[in-house]
Amino acid sequence: MFVGRDDELSVLGGVRARAVHGRRQVVVVSGDAGVGKTWLCERASELAENDGFDVVWGRCWPHGGAPALWPWPTVLPQLTGQAGADLLVGDTGDDVGPERFARFAAVADLLATSRRDKRTMIVIDDVHHADASTLLLTRFLVHALDRLPLVLVLVARPHPQLAELQRDATTVSLRPFGLRDTTTLLTAHGLEDESAARVLWRATGGSPLYLTRAVGHGVTGQDAIANAIGRLDPRVRRILAFGALLGVDGTTGEVAALVGESPGAVAEAVGGSGLLDRTEDGWRFHDLVREAALAVFDHAELLDAHADAAVLLASTGNPERIAHHALSAAPRSVRDAEIAINACRKAASSLRRGYAYEQAADLLDRAVTLAERVQTLPSRAELLIERAEAVLACGRLVNARAAFEVATEAAEQTGDSVLLARAVLGLGGVWVHEHRNATVRERVLAQQRAALRSLPDDERALRCRLAVRLAAEAVYEGGAPEQNVLHALDQTRAIGDDHALAEALSLTHHALLAPEHAERRLSLAEEQITAASAAGDGILALFGLLWLTADRYLLGDPNAEAALTELRQRSAALGVATTGYIVACMDVMKLIRAGRLTDAEQAAGPCLQQGIDVGDADATGFYGAQLLAVRWLQGRDAELADLVAGTMASASLAVPEYGFRVSMAMVLARSGRLTEARAALKPLLDIGIPNLQRSSSWLTAMVGFVEVAAILDEPEMAKQAADLIRPFAAVPVMPSLGVACVGAASRALGLAALTVGDPHEAVSYFEQAVADNLRLGHLPATALSRAQLAEAMIARGRPGDLAKARSLLVEAARAARTMDMAERADTWLTQADSLDPPDSPAVLRRLDGGWSIHIGQSVVAVPDLVGMRYLSVLLGRPGEDVSALDLAGAGVVDARQEVLDDTAVDAYRTRLRDLSDAIDNAEADADLGLVERLRWEREALTAELTSAVGLGGRFRGFPDSPERARTAVRKAIKRALDVIAEADPVLGGELRSGVSTGLVCRYTPSRQWRVE
């Protein structure tokens, strides 16, 4: 009987209404044990069915033994037929790749196709007990099925692992019943005693489960369940206990076999207990009932019961159930521990085939713990290797490295060359050059060489994997030609092993990160994705996508954005923190490109912590690159001298890495510490710039050389670096896997050309840099390229270059103001002003059909506008008041009028009175300059009035009124100034501030002008 929860049912009703329109809805029903979560969802399911929804239930199982990805293998067949469940049990002969992401995507596609026009409600109970693999699949389906008439209800106790799902969900939080609902419930059971209701409410805390049991058994609280079981016949208690022990998929027949009775007798006993809920496929235990039922066993009986269950299931049960019971029985004896270890290994293999990598790793962790009790276990080394490989399949790279260390020690003791080869391969990790400590690195390489020597010839896959690893490490270190690793890759291709090939492609890719291999790397990454997917290796397929994304960014390919989106989705779906960290690094890079430099610096800090947490050896270096890019674009990189020096000293940085040495030299040079900058570069210059090893940061370092050469005035250094950069002019300068970006390489070529004294070539490269950076969407680098193009134009000095340079600097400064580049903006505006100093004389020259303005080497051409004629008068009479009537002359005549009509006379007289008052105030303030200007205006107005009066005191006639002259002059001068400003914003701004118009016009000089 259902009572209460009207508000919650209303929320669920609204969710269904939205889902009907084809928008997937997720609901998390949250509350403590016994609060009525399942009860509410059962009622909501009835209402959903009334609304035409197909309702399917699944329940998670916390007590071990559940199949991989449970309960989805039971949910999917009800919605899609057996095809849905088959997709989750490994390779079934279909066309879907065996890699986990591909399987998850195929499940989503099947659901989307089969449920497109069918209202569906899926209820997953006890989600707080879901394992990591189940949560990954659930999150994946939530995001993939956003266009279905689907309601997904997740029922759970409050738990941190549900936080991500709740971000996109409607949360219904259930609280215990209040007194009103308690009274309603009791009344529905025939108890209308309000006093009793209050007592029960207080005693049970309002728990619907306890209230229901209390009504049925006459007691309160959790004791009601225990007492109810205690009153049962011992035979029935034993049956319930074994039913609780077998768990989520235990059958009546299995319980019957364990207790030695018939299935019919077992079913009758369970049904008569009144404690279990009947379902379509058997009985359901509430957690509280299950705990009370298991309490029937004492400790020894419980161990015996689990051991009996493991034996019973050995021939009929799935490996996961067997492992659960074997593990529970393991404390009984050493022999039971051995049985549990072997059961865990079999179950882990089954789970990995079912894409439940996390469950597999957890089982093998438990098996390894048990193995410590069984010192004579013959397969201990193999178990440790399997555990390490399972951890690696989860993407937990740091934990995997530690696990492989332990496995290697065990394998060395066995003398088994195959086991040793598997273990030392894992020591290398998934990247090249993971071990940054020189001693550790040499030890690992020596172990790998020894393992290769000892392997028999028929172990072709292991031999190829070790050969590629060693070749890739040697190429990365600069100790071997690149052809070596390519040859080892070809040999791996020849053996036809997809897993070995995918691994070889990834290592080869990492060894070829220099820019000249960019196109080759694209094909390697695509081949890796194909091979890894065929091998069912989700991690290597994911790393192939990571390489593809980085390659596209490094090439400036616009398809990089789509690849990053897919990489982000796959990393989240598979729960691989390592690739998730690289995605976060690329997000910082994108903030830099967008000009959100403050946001980028703020994001770089958490990104660094994420890298440290996943154990990425390059995390500190990546952070340094991001911070340096931000501060350099802001013009604040000199602030980082101490940080860059500290980063260089970090033990985690690769020994042959020279990029940070160049960066340190650049920072020192820009901070004025030129001697230290030269000292920092000396070891590299001794090697020779052309002789430096090509690597993932090589192009960034070459650009750094150009920057330092420009500051130190070292044209030969700039030329050497530029010659090496030139083949990569159009590509972005991005260290490593695209974790930061400082714009296109063409900008550095322009700076090099300026340094060697070729401004003509510099202009060409900077113009290319502006176009390249616009194409890349790198806004700060675009502004910087414009400002440096201005410098090149100034140095070139062609007619019009100064005007263009001033315009470029003003435009760059304006953009910089919007991108947290205030220091750059101030510098560029100062440069613009310096191009046009106030004491620089200017010439306004009348030409046939127009005018020209000459300031130094800069020339501005202006059409023959009326306003230019007026402007020439004002510039030729600096500091003088000139009436608009004098400027206009006969140009505004339409018909003969009095020179001053009544309105104009009144305006002049009012202005004269105002001027007299203003002069008195200025004299009182001792502002002699203002007094002089006001007197000039007053005398001019008086002269105008006097000249307008003829014989007899009548006003002379004139073609137009002063007001009309004022308007015509103002508009004409404005048009002329607009044309000048369009050609030269700085000069236009100067003239606008110096020229005033009105009845009286004036040019207040900021420079000398000569009018010709």
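Residues numbered from 1 in each chain as written. Predicted model: local features only at pLDDT ≥ 70, side-chain atom pairs only at ≥ 80, totals over all residues. Heavy atoms only, no water.

(A) Up close: the overall build of the protein. Per the secondary structure count, the protein includes 48 helices and 16 strands. Here the protein, with 1012 residues, has 54% of them falling under the buried criterion. Counting contacts in the protein only where the partners sit at least 6 residues apart, residues at least 24 apart contribute 67% of the total. For the protein, the accessible surface area stands at approximately 42,300 Å², while carbon and sulfur atoms represent 50% of it. (Helix = DSSP H or I, 4+ residues; strand = E, 2+ residues; numbered from the N terminus. Buried < 20%, exposed > 50% of the residue type's maximum accessible area, 1.4 Å probe, protein only. Contact = heavy atoms within 4.5 Å. Areas by Shrake-Rupley, 256 points an atom, 1.4 Å probe, with all protein chains shown as cover.)

(B) Structural view of the pattern of salt bridges. Enumeration over the complete set of coordinates arrives at 48 salt bridges. Residue R596 pairs with D599 through a salt bridge whose shortest N-O separation is 3.0 Å. Notably, a salt bridge pairs E811 with R786, separated by 3.6 Å at the nearest N-O pair. Of this pair, E811 sits in helix α41 (residues 801-817) while R786 is found in helix α40 (residues 779-796), placing the two residues 25 residues apart along the sequence. Sharing partners across several salt bridges, the network here consists of R441, R469, E473 and E477. (Salt bridge = Lys/Arg side-chain N within 4 Å of Asp/Glu carboxyl O.)

(C) Highlighting empty space enclosed by the protein. Applying the stated rule across the entire model yields seven cavities of 30 Å³ or more. Looking at the largest cavity, its volume works out to about 60 Å³. Taken together, G428, H433, E434, H435, R441, V444, L445, Q448, R469 and E473 make up the lining of the largest cavity. Secondary-structure elements contributing two or more residues to the lining of the largest cavity are α23 (438-454) and α24 (460-477). A per-element tally of the lining of the largest cavity places α23 first, with four residues. (1 Å grid on protein atoms, 1.4 Å probe; cavity = no way out; pocket = protein on both sides within 12 Å on 5 of 7 lines; lining within 4 Å. Points joined across faces, edges and corners; volume = space filled by probe spheres on them.)

(D) Quick peek at helix α21 (residues 397-414). Between its first and last C-alpha, α21 extends 25 Å over 18 residues, near the 26 Å set by a 1.5 Å rise per residue. Along α21, the positions that sit buried rather than exposed are L397, A400, A403, F404, A407, T408, A410 and A411. Tucked inside the fold, the buried residues of α21 contact α20 (380-393), α22 (417-427), α23, α28 (538-554) and α30 (577-593). A positive phi of about 75° marks G415, the residue just after α21. (Expected span 1.5 Å × (residues − 1).)

(E) Main features of the sheet that holds strand β16 (residues 1009-1011). In spatial order, the strands read β10-β9-β8-β16; together these four strands make up an open sheet with mixed pairing. The two strands at the open ends of the sheet, each matched to only one other strand, are β10 (858-863) and β16. Adjacent strand axes in the sheet meet at a mean angle of 20° when their direction is disregarded. Across six bridges, strand β9 (residues 850-855) lies against β10 in antiparallel orientation. Looking across to β10, one finds that W851 is bridged to V862. (Pairing = 2+ DSSP bridges. Axes fitted to C-alpha atoms, helices over the stretch in contact; angles between N-to-C directions.)

(F) Summary view of the environment of L724. With respect to the helices and strands, the residue L724 is situated in helix α37 (residues 715-725). Its relative accessible area of 17% is what places L724 among the buried residues. Residues L724 and L699 lie 25 residues apart in sequence; the distance between their C-alpha atoms is 8.7 Å. Contacts of L724, omitting those with residues within four sequence positions, involve I689, P690, R694, W698 and M702.

(G) Region of the structure containing unusual backbone geometry. With an omega dihedral of 10°, the bond running from W70 to P71 counts as a cis peptide bond. Examined against the element boundaries, P71 turns out to sit in the loop between β2 (54-59) and α3 (72-80). In this structure, D713 is a non-glycine residue whose phi angle is positive, near 55°. Tracing the backbone shows D713 in the loop between α36 (698-712) and α37. Taking the relative accessible area as the measure of exposure, D713 reaches 56% and is therefore exposed.

(H) Highlighting the packing of aromatic side chains. For the structure on display, the rule yields six aromatic pairs. On the numbers, 5.9 Å between centres and 55° between planes, the contact of F104 with F140 is tilted. Of the two residues, F104 is situated in helix α5 (residues 100-114) and F140 in helix α6 (residues 132-144); the sequence distance between them amounts to 36 residues. Assessed through its relative accessible area of 12%, F140 is described here as buried. Between the aromatic rings of W431 and F543, the centroid separation amounts to 5.0 Å while the plane-to-plane angle is 65°, which identifies the pairing as edge-to-face. With W431 in the loop between α22 and α23 and F543 in helix α28, this pair connects stretches of sequence that are 112 residues apart. Across the pair, F543 and W431 agree in class, each one buried. Counting every residue linked through ring pairs, the aromatic cluster contains W431, F543 and W547. The side chain of R824 reaches across the aromatic face of W632, ending 5.7 Å from its centre. (Phe/Tyr/Trp six-rings, centres within 6.5 Å; stacked < 30°, edge-to-face > 60°. Lys NZ or Arg CZ within 6 Å of the ring centre and 35° of its normal.)

(I) Spatial organisation of the confidence of the model for the protein. Of the residues in the protein, 84% reach a pLDDT of 70 or more, and the chain-wide mean stands at 84. Taken together, the stretch residues 651-656 has pLDDT below 50 and engages in 14 contacts with residues farther than four places along the chain or on a different chain. Note on residues 890-897: pLDDT is under 50 here. Beyond four places in sequence and across chains, it has 18 contacts. (pLDDT = per-residue confidence, 0-100.)

(J) Local environment of the sheet that holds strand β11 (residues 881-883). The strand order across the open sheet built from three strands is β11-β15-β14, with neighbouring strands paired in antiparallel fashion. Strand pairing shows two members of the sheet lacking a second neighbour, β11 and β14 (995-996), which therefore form its edges. As defined by bridge partners, β11 adjoins strand β15 (residues 1000-1003) across three bridges and the pair is classed as antiparallel. In the sheet register, D881 faces β15, and the bridge partner there is R1002. Its contacts with the sheet put helix α43 (residues 866-876) on β11, β14 and β15, and the angle it makes with β15 is roughly 65°.

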